[in-house]
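Residues per chain, in single letters:
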Amino acid sequence: ASDGLAVWNAVQAAGTLELNTAYFYLIFCTDFSQTCLIAQQDNDIAAVIIGYHPPQQPQTAFCWQIGVLPDWQGLGLGKRLLAQWLALPANRQVRWLCATVAQDNKASARLFEGFARSIGAPCEIKPHFTEDLLAPGHAPEPMYRIGPFDLNAASGGQAGSRLA
């Protein structure tokens, strides 16, 4: 719970993500703490992933938001953070990684497509949240679906080791 406000501040500082209420981040840092991850340097947040397992898809890890703070952008931290996130015990059974990415967010599109290549998995991109479902002026958000993969088998039971 003590990370909620810090994550809210980090998402705001990243400058590239839609900011939800501070309460939203408090809920995710408590109720979904096993599927969220913070990267820190000297007790300062460098990046965050907020995610969960969709109830009807237990083998899917959905990345709701991934944000890298400006001082850390362009250094490959997002890709490394995704790898570490999938290596979390809560994600041990995951075979799919999904995220929606606004069509105007080229950096996130490159991140997920590059991550898929790095683990040798296909990345399917399909319409998902179309313009008619979103607030006026919000870019459509197609679904990026990476997988199937088995990171445990690929790394001899140490998920993430070949991804680092």
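Trainee: So what exactly am I meant to see when it comes to the overall build of the protein chain here?
Mentor: Each helix and strand counted, the protein chain has five helices and six strands in total. Taken from N to C terminus, the helices and strands of the protein chain fall in the order α-α-β-β-β-α-β-α-β-β-α. Against the compact-globule benchmark of 15 Å for 164 residues, the protein chain has a radius of gyration of 15 Å, which places it among compact chains. Taken along its principal axes, the extent of the C-alpha atoms in the protein chain is 40 × 40 × 30 Å. Of all 164 residues assigned to the protein chain, the portion counted as buried reaches 44%. Long-range contacts, defined here as pairs at least 24 residues apart, represent 59% of the contacts in the protein chain between residues at least 6 apart. As presented, the protein chain carries roughly 8,900 Å² of accessible surface, and 51% of it is formed by carbon and sulfur atoms. In the protein chain, 10 side chains carry a positive charge and 13 a negative one; their mean positions are 13 Å apart.

Trainee: How should the side chain of T60 be read in this particular structure?
Mentor: In this fold, T60 is placed in strand β3 (residues 60-68). Apart from residues lying up to four places away in sequence, T60 is in contact with Y52, H53, P54, V94, W96 and C98.

Thresholds, definitions, all that
- Residue positions are given per chain, counting from 1 as you read along its sequence in written order.
- Where local features are concerned, this predicted model is filtered to residues with pLDDT of at least 70; where side-chain atom pairs are given and counted, the filter is 80 or more; whole-chain, interface and lining totals use all residues.
- Neither water nor hydrogens contribute to the side-chain values; these are computed over all heavy atoms in the structure.
- Strands are runs of DSSP state E lasting at least 2 residues, helices are runs of H or I lasting at least 4, and numbering of each runs from the N terminus.
- C-alpha atoms define the radius of gyration in this analysis, and the globule rule sets the expected value at 2.2 Å times the number of residues to the power 0.38.
- Each residue is assigned to one of three classes by its accessible area relative to the maximum for its type, calculated with a 1.4 Å probe on protein chains only: buried under 20%, partly exposed between the two thresholds, exposed over 50%.
- By definition, residues are in contact when any of their heavy atoms lie within 4.5 Å.
- For the area figures, the Shrake-Rupley method with a 1.4 Å probe applies, and any residue is considered shielded solely by the protein chains shown.
- Counted as positive: Lys and Arg. Counted as negative: Asp and Glu, with His and the chain ends omitted from the count.
- Charged side chains are reduced to one point each, which is NZ for Lys, CZ for Arg, CG for Asp and CD for Glu.

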